[in-house]
There are 2 protein chains.
Amino acid sequence: MSEGTVLRSANRSPLTAEETVITASSSARMPKTVRELGEFGLIARMNAGRTQAPNVLLGPGDDAAVVAAPAGRFVVTTDMLVQDRHFRLDWSSARDIGRKAIAQNAADVVAMGATPSAFVVSFGCPSDTPVDFVTELADGMWAEAERAGASIAGGDVVRSPLLVISVTAFGDPGEREPILKSGARPGDIAAVAGLLGWSGAGYAVLAAGNSAADSPSFADVVAVHRVPQPPYAAVLDLPQSAVITALTDVSDGLLADMGHIAESSGVAIDLDSAALHDPVLESIAATLGAEALDWVLAGGEDHAFAATFAAPGDVPAGWRPVGRVVAGSGVTVDGIARNGPTGWESFA
Amino acid sequence: MSEGTVLRSANRSPLTAEETVITASSSARMPKTVRELGEFGLIARMNAGRTQAPNVLLGPGDDAAVVAAPAGRFVVTTDMLVQDRHFRLDWSSARDIGRKAIAQNAADVVAMGATPSAFVVSFGCPSDTPVDFVTELADGMWAEAERAGASIAGGDVVRSPLLVISVTAFGDPGEREPILKSGARPGDIAAVAGLLGWSGAGYAVLAAGNSAADSPSFADVVAVHRVPQPPYAAVLDLPQSAVITALTDVSDGLLADMGHIAESSGVAIDLDSAALHDPVLESIAATLGAEALDWVLAGGEDHAFAATFAAPGDVPAGWRPVGRVVAGSGVTVDGIARNGPTGWESFA
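Residues numbered from 1 in each chain as written. Chains lettered and ligands numbered in written order. Predicted model: local features only at pLDDT ≥ 70, side-chain atom pairs only at ≥ 80, totals over all residues.

Enquirer: Explanation requested: the domain arrangement of chain A in the structure shown.
Expert: By convention, interface size is frequently given as the accessible area that disappears when the constituent parts associate. All names here are of chain A. Domains assigned within chain A are domain 1 (8-172) and domain 2 (189-347). Contact with domain 1, which involves 15 residues of that partner, is made by 14 residues of domain 2. A total of 9 residues in the side of domain 1 that touches domain 2 trace back to one element, the largest contributor, which is helix 3 (residues 94-110). Of the residues that constitute the side of domain 1 that touches domain 2, the class distribution is 7 nonpolar, 4 polar and 4 charged. (Domains from an automatic or database assignment. Contact = placed C-beta atoms within 7 Å. Helix = DSSP H or I, 4+ residues; strand = E, 2+ residues; numbered from the N terminus. Nonpolar A, V, L, I, M, F, W, Y, C, P; charged D, E, K, R; others polar.)

Quick look at the structure:
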């Protein structure tokens, strides 16, 4: 692509005028850094060999992309990831970081009951960033975008002192109304799809040092921490007959995210600890001197789905009942209040 | 709003677990920094009193926003702005930075012939950022979004060692096909709408020191550098009868952006220097020992519009003919090649 806000550099301020980019043609050897390749070469490299999904009516190359919205409306969500805050280069590969950035945005789209249709990505990096790092990051993003049934319609590449990734994800709600957090009613069943606590356990394993990560089950949770695998199909393949009353992505931890459903719906949710046992996590927790239930309830970055269903018979295959909706407010476990979801994020 | 990827914090990694956010309620005085207010308080503050435009069917508060796309498709563009690279805190107010961030994205949407429908914004800042800075930034974003006929449907707030702003803008193309860069044909008239070179001159004035900025005409170009005012209506109010064959946003400079039209269309464009005179710029250039034409051709960040029209009679009011489309490749001025647009960005 030649230019446009679609995977071109930002409109560069004259502030940057002194920073000459050495183009590939000025060097006999293959460019190894972003500076050597230059922004347009980098953009071309990131987009080489990609095939846009059918929803992308116009991909990179003009002032903007064009994406289909057959329902006459679209779902949109955005997340920014900052180096050393949301990912660590010594813990995750470029490909893993790319996959995770897309997965966590796709999960938010799916958490509205919408099918991912496209992504755009803004990316900032230092000029000495290896070109291979950027192409592997793009490979990871494309792999996860395709797993979600979509593609990357465009973006922006800028220079930044540290790596920053901003993903915006779009979804097609189809003919049905988006599934909000606010529809839970007393008597509903609370259920989850996907792995809870594995990402938090993986973080704990990494924090404990590499030797622990050599154990097979330890490696499993580390892999989930590095690349969450949201169970998109658990939502997108919901049977028409299932009455799902509220839905969200579990990103801050089950307690916090069920708390968001409870708060939005004006209800309370009581979780059943017996439904939250996980022998894999309990084994790892015993080794590390941690509590498995803490990871399950508050580990964060699960990118599982939490929902409420109108009746036990509505909970489909792939979903696990974990509690029930009752009158009141807040979230309890076995009827007992833990740290309340309100303000949970403040000291998590 | 309570949560959701819509103006909530990113799913925070356990990496950040040690960083306790002091909530407003824990302090008797008004919170002065983002850390003191906390992310949810900050989000609430940024969104207080805002009214969403009709295209935003669901605003902040759930996992994602919902935006109308009545034409069954939407235009999307994204740009990332990094502190000290795309803006300077000693040159621009928070409000100016917010307006500019939205304006440059809105200009890309309009450069497709689409009407801005909504924006989402991701924002990273240090924890000691004053709350007032963030609310003034949001005020500027909202002011420009409203000038473009839209609103800010959601976003994301994260902690970052430096300020990073990522804007994604959406547009409704209506029933007409998006106007691409690739439709220019020999014989067409090249024309522009908006100010060329004023932003570049404003940069030069700022770089020359504050005393120069005290002159009235100097102040005018500095104001344009701080807050570009894309002439949205020049595109959105184009008469049905006008045959516009190609259109783009002038962000990299007239030479570069006309070059993008020329390259995409497989034509050459010859600009007429007599049409590019600007007495205001020439006066400032004389004082600073600069060349006004350099600012006009390559100053960058104009956020004017460049287009080609099929016939002289198609150039509407508000547009200024500046050259013509001929067979060949590249962009010339009075028939003479200057620095070619290909690779122009590399040493701009």
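Enquirer: Where do I start with helix 9 (residues 279-288) of chain B in this structure?
Expert: The α-helix advances 3.6 residues per turn, and as a result positions three or four apart in sequence lie on the same side. Residue and element names in this part refer to chain B. Within the sequence span of helix 9, burial applies to L281, I284 and A285. Seen from one end, helix 9 has its buried residues packed into an arc of 105°, which puts them on one side. Helix 9 presents P279 and A286 as exposed residues on the side facing more than 90 degrees away from its buried surface. Contacts made by the buried residues of helix 9 are with helix 5 (198-208), helix 6 (216-226) and helix 10 (292-298). (Buried ≥ 20, exposed ≤ 12 C-beta atoms within 10 Å, placed from the backbone. Arc of directions from axis to C-beta.)

Enquirer: Looking at this model, I keep getting lost on the nonpolar core. Mind explaining?
Expert: Nonpolar side chains in soluble globular proteins tend to end up buried together. With 232 residues, the main nonpolar core has F119, V192 and F305 of chain A together with F119, V192 and F305 of chain B as its most contacted residues. Setting aside anything within four residues of it in sequence, one finds F305 of chain A in contact with A111, V192, A193, G194, P231, A234, V235, L247, D249 and V250 of chain A. (Core = buried A, V, L, I, M, F, W, Y, C linked by C-beta atoms within 7 Å.)

Enquirer: Would you mind showing me how to read the environment of G140 of chain B here?
Expert: Residues and elements named next belong to chain B. Checked against the element boundaries, G140 lands in helix 4 (residues 131-147). Sequence separation of G140 and I97 is 43 residues, and the distance between their C-alpha atoms is 7.3 Å. With sequence-adjacent residues up to four places away left out, G140 is seen in contact with A94, R95, D96, I97, G98 and R99.

Enquirer: Is there a simple way to explain the pairing of strand 3 (residues 65-68) of chain B in this structure?
Expert: For a regular strand, the rule is simple: side chains alternate between the two faces of the sheet. Pairing of strand 4 (residues 73-82) of chain A with strand 3 of chain B, which is carried by 4 bridges, proceeds in the antiparallel orientation. Residue pairing across strands places V76 of chain A opposite A65 of chain B, the latter belonging to strand 3 of chain B. Bridge analysis of strand 2 (residues 56-58) of chain B against strand 3 of chain B gives 2 bridges, and the strand direction is antiparallel. Bridge pairing in strand 3 of chain B links V56 of chain B to V67 of chain B. (Pairing = 2+ DSSP bridges.)

Enquirer: Can you walk me through the sheet that holds strand 9 (residues 244-250) of chain A in this structure?
Expert: To summarise the sheet geometry, strands pair through backbone hydrogen bonds and adopt either a parallel or an antiparallel arrangement. Residues and elements named next belong to chain A. Here 7 strands make up an open sheet; going across it, the order is 9-11-8-12-10-13-14 and the pairing mixed. This sheet does not close on itself; its edge strands, each paired only once, are strand 9 and strand 14 (336-337). Where strand 10 (residues 268-271) meets strand 12 (residues 320-326), 4 bridges bridge the pair, whose relative direction is antiparallel. Opposite I269, over in strand 12, you have V325 as the bridge partner.

Enquirer: Would you take a moment to explain the sheet that holds strand 10 (residues 268-271) of chain B for this structure?
Expert: Residues and elements named next belong to chain B. Sheet architecture is open: 7 strands sit in the order 9-11-8-12-10-13-14, paired in mixed fashion. Single-partner strands in this sheet number two, and they are strand 9 (244-250) and strand 14 (336-337). Direction of pairing for strand 8 (residues 189-193) relative to strand 11 (residues 304-309): antiparallel, over a ladder of 5 bridges. Within strand 11, the position partnered with I189 by the bridge is F309.

Enquirer: Can you walk me through the environment of A208 of chain B in this structure?
Expert: Residue and element names in this part refer to chain B. Mapped onto the elements, A208 comes out in helix 5. Accessibility expressed as a C-beta count within 10 Å gives 16 for A208, which makes it partly exposed. Sequence spacing of A208 and L288 is 80 residues, and the spatial spacing of their C-alpha atoms is 7.9 Å.

Enquirer: What should I look at first to understand the packing of helix 5 of chain B against helix 6 of chain B in this one?
Expert: If you want to describe how two helices pack, look at the angle between their axes and the distance between the axes. Residue and element names in this part refer to chain B. Remark: helix 5 packs on helix 6, axes separated minimally by 7 Å, with the N-to-C direction vectors making an angle of 110°. Of the possible angle classes, the one that applies to helix 5 and helix 6 is roughly perpendicular. The element helix 5 and its partner helix 6 pack so that their crossing is left-handed. Side by side, helix 5 and helix 6 meet where W198, S199, A201, G202, Y203, V205 and L206 of the first sit next to F218, V221, V222, V224 and H225 of the second. Across the contact of helix 5 with helix 6, the residue classes tally to 9 nonpolar, 3 polar and no charged. (Axes fitted to C-alpha atoms, helices over the stretch in contact; angles between N-to-C directions. Parallel < 35°, antiparallel > 145°, perpendicular 65-115°, else oblique. Left-handed = near helix turned anticlockwise from the far one by under 90°.)

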